[in-house]
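Read off the chains here:
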Amino acid sequence: MPRLFVNSDLVAGTPFELDEEQAKYLTRVMRLGVGDAARVFNGRDGEWRAEISAVAGRRAEMTPAEQLRQQPAQGGAPLTLLFAPVKKSETDFIVEKATELGAGFIQPVITERTQSRTVRLDRFEKIALEASEQTERLDIPLLADALGLDAALESLPEGTALIFCDEAGDEADAPWGGQSGRAQPMAQVLEGLKGQAAAILIGPEGGFSPAERGFLRAREGTHPVSLGPRILRAETAAVAAMTLWQAMCGDWG
Ligand code: SAH
């Protein structure tokens, strides 16, 4: 049965109109007609089996018939992904994978070395929606417009641990440089962050600047972590860090 995200309230027996693209998808692409069913969810009212109750030209209406799944109570600690936009297809990949891996909030961050500064929020929303539909999530992640690093960190809810993915140690003379300043292995750090809301921060292709690294390292509630001895591409680092967090602190247990 096709699965669609809709904005309307889902109430048994109360019809709602599909947007044109979804109407086209169901009636033309899937060739469904009045009486045929699809699964629908809106991020609030769980998942429903809904029947097409009217089709007229490009318009179609559905009526929720039966609730298939209840909206889950917010399970486990929430995960935020803060990432510096990279090239278009890699950024799309990050948004898609963050959705699949259960991030509740996705925040693009413009850092000093961020090359791609135009953020297409509508495009991200579409990707997150499609990934939510595909992945059977009943909620969709919230996407925010890009912010500078300071503002993005300030916008985090209080008590959120910042997991700063830092390929550190590159500045031998800086306080965080050399062997002593190396970030701790991420798994080790997560042992101490179970049950706590977390935000994972991933830098751009060029990494963080020394000023940013100094600022981040001095910030309370920041945990610089290492993802091992290899420098990963930003999109790989994002997936690796979210995976490890879900396994150790999230809802995979
Ligand atoms: N050009 C930079 C690398 C940037 S990689 C350099 O050579 O130093 C992009 C981002 O991925 C980094 O800012 C960091 O957030 C994350 N990342 C990549 N590899 C990592 C690692 N081994 N440990 C922690 N974070 C890593």
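Criteria and cut-off values
Residues numbered from 1 in each chain as written. Predicted model: local features only at pLDDT ≥ 70, side-chain atom pairs only at ≥ 80, totals over all residues. Heavy atoms only, no water. UniProt positions renumbered as here; feature names shortened; annotations may be inferred. Helix = DSSP H or I, 4+ residues; strand = E, 2+ residues; numbered from the N terminus. Expected span 1.5 Å × (residues − 1). Buried < 20%, exposed > 50% of the residue type's maximum accessible area, 1.4 Å probe, protein only. Arc of directions from axis to C-beta. Contact = heavy atoms within 4.5 Å. Pairing = 2+ DSSP bridges. Axes fitted to C-alpha atoms, helices over the stretch in contact; angles between N-to-C directions. Near = heavy atom within 4 Å. Polar contact = N/O pair within 3.5 Å; in protein donor to acceptor, adjacent residues only side chain to side chain. Areas by Shrake-Rupley, 256 points an atom, 1.4 Å probe, with all protein chains shown as cover. Nonpolar A, V, L, I, M, F, W, Y, C, P; charged D, E, K, R; others polar. Parallel < 35°, antiparallel > 145°, perpendicular 65-115°, else oblique. Left-handed = near helix turned anticlockwise from the far one by under 90°.

- Where an unreviewed UniProt entry is consulted, the protein chain appears under the name Ribosomal RNA small subunit methyltransferase E, with the organism given as Hyphomonas oceanitis SCH89.
- Checking UniProt for the protein chain, the heading Sequence similarities (unreviewed entry) contains the comment "Belongs to the RNA methyltransferase RsmE family."
- What the UniProt record of the protein chain gives under Catalytic activity (unreviewed entry) is the line "uridine(1498) in 16S rRNA + S-adenosyl-L-methionine = N(3)-methyluridine(1498) in 16S rRNA + S-adenosyl-L-homocysteine + H(+)".

## Points about helix α7 (residues 234-248)
Logical step 1: Given a rise of 1.5 Å per residue, 15 residues ought to cover 21 Å, and the 21 Å separating the end C-alpha atoms of α7 matches this to within 8%.
Logical step 2: Of all the residues in α7, the buried ones are Ala234, Glu235, Ala237, Ala238, Ala241, Met242, Trp245 and Gln246. The buried residues of α7 occupy an angular sector of 160° when the element is viewed end-on, so they sit on one face.
Logical step 3: In this fold, the buried residues of α7 make contact with β6 (79-83), α2 (88-100), β10 (161-165), α5 (186-191) and β12 (198-202).

## Remarks on helix α3 (residues 121-135)
Logical step 1: For α3, spanning 15 residues, the distance from its first C-alpha to its last is 20 Å, which sits close to the expected 21 Å at 1.5 Å a residue.
Logical step 2: For α3, the complete set of buried residues consists of Leu121, Phe124, Ile127, Ala128, Ala131, Ser132 and Glu133.
Logical step 3: Of the residues flanking the end of α3, it is Glu136, one or two places downstream, whose phi is positive at about 70°.

## As for the sheet that holds strand β1 (residues 3-5)
Logical step 1: With respect to topology, five strands assemble into an open sheet ordered β1-β3-β4-β5-β2, the strand pairing being mixed. Of all the strands in the sheet, just β1 and β2 (16-17) have a single pairing partner and so form its edges.
Logical step 2: The sheet contact formed by β1 and strand β3 (residues 37-41) spans three bridges and is parallel. Each residue of the ladder has a partner; that of Arg3, found in β3, is Arg39.
Logical step 3: Here α3 sits on the sheet and contacts β1 and β3; the angle it forms with β1, its principal contact strand, is near 145°.

## Quick notes on the site of the ligand
Logical step 1: Around the ligand, the surrounding shell holds 19 residues, and the nearest of these are Cys165, Glu205, Leu227, Arg230 and Leu232.
Logical step 2: One of the side-chain nitrogen or oxygen atoms of Glu167 is found 3.2 Å away from an oxygen atom of the ligand.
Logical step 3: Here Gly203 contributes a backbone N or O atom positioned 3.0 Å from an oxygen atom of the ligand.
Logical step 4: Alone, the ligand offers 560 Å² of accessible surface; in the complex the protein occludes 86% of this.
Logical step 5: Elements that contribute at least two residues to the shell around the ligand include exactly β13 (222-226) and α7.
Logical step 6: By residue class, the composition of the shell around the ligand is ten nonpolar, five polar and four charged.

## Comments concerning the UniProt feature "domain: Ribosomal RNA small subunit methyltransferase E PUA-like" (unreviewed entry) in the protein chain
Logical step 1: UniProt records the feature "domain: Ribosomal RNA small subunit methyltransferase E PUA-like" (unreviewed entry) at residues 18-57, using the numbering of this structure.
Logical step 2: The span residues 18-57 carries 25% helix and 38% strand; its end-to-end C-alpha distance comes to 12 Å.

## Quick notes on the environment of Ala50
Logical step 1: Take Ala50: it is sitting in strand β4 (residues 47-56).
Logical step 2: Each C-alpha atom, one on Ala50 and one on Pro15, is 9.1 Å from the other, the two residues being 35 residues apart in sequence.
Logical step 3: Non-local contacts of Ala50, meaning those with residues more than four positions away in its chain, are made with Asp36, Ala37, Ala38, Val40, Met62, Thr63, Pro64 and Ala65.

## What to know about the packing of α2 against α3
Logical step 1: Where α2 contacts α3, the two axes come as close as 8 Å, and the packing angle between them is 40°. Taken together, the axis directions place α2 and α3 in an arrangement best described as oblique. When the axes of α2 and α3 are compared, the crossing they make is right-handed. Across the interface between the two elements, Lys88, Thr91, Asp92, Val95, Glu96, Thr99 and Glu100 from α2 touch Arg123, Phe124, Ile127, Ala128, Ala131, Ser132, Gln134 and Thr135 from α3.
Logical step 2: Residue classes in the contact of α2 with α3 are distributed as five nonpolar, five polar and five charged.

## Regarding the packing of α2 against α7
Logical step 1: Running from amino to carboxyl end, α2 crosses α7 at an angle of 10°, the nearest separation of the two axes being 9 Å. Considered as vectors, α2 and α7 are oriented roughly parallel to each other. Residue-level inspection shows Glu90, Phe93, Ile94, Lys97 and Ala98 of α2 in contact with α7, the latter providing Ala234, Glu235, Ala238, Val239 and Met242.
Logical step 2: Here the residues of the contact of α2 with α7 are counted per class, giving seven nonpolar, no polar and three charged.

## Quick look at the side chain of Thr111
Logical step 1: Note on placement: Thr111 falls in the loop between β7 (105-110) and α3.
Logical step 2: Looking at Thr111, the relative accessible area reads 3%, which means it is buried.
Logical step 3: In this structure, Thr111 is in contact with Ala84, Arg117, Pro204, Phe208 and Glu212, ignoring residues within four places of it in sequence.

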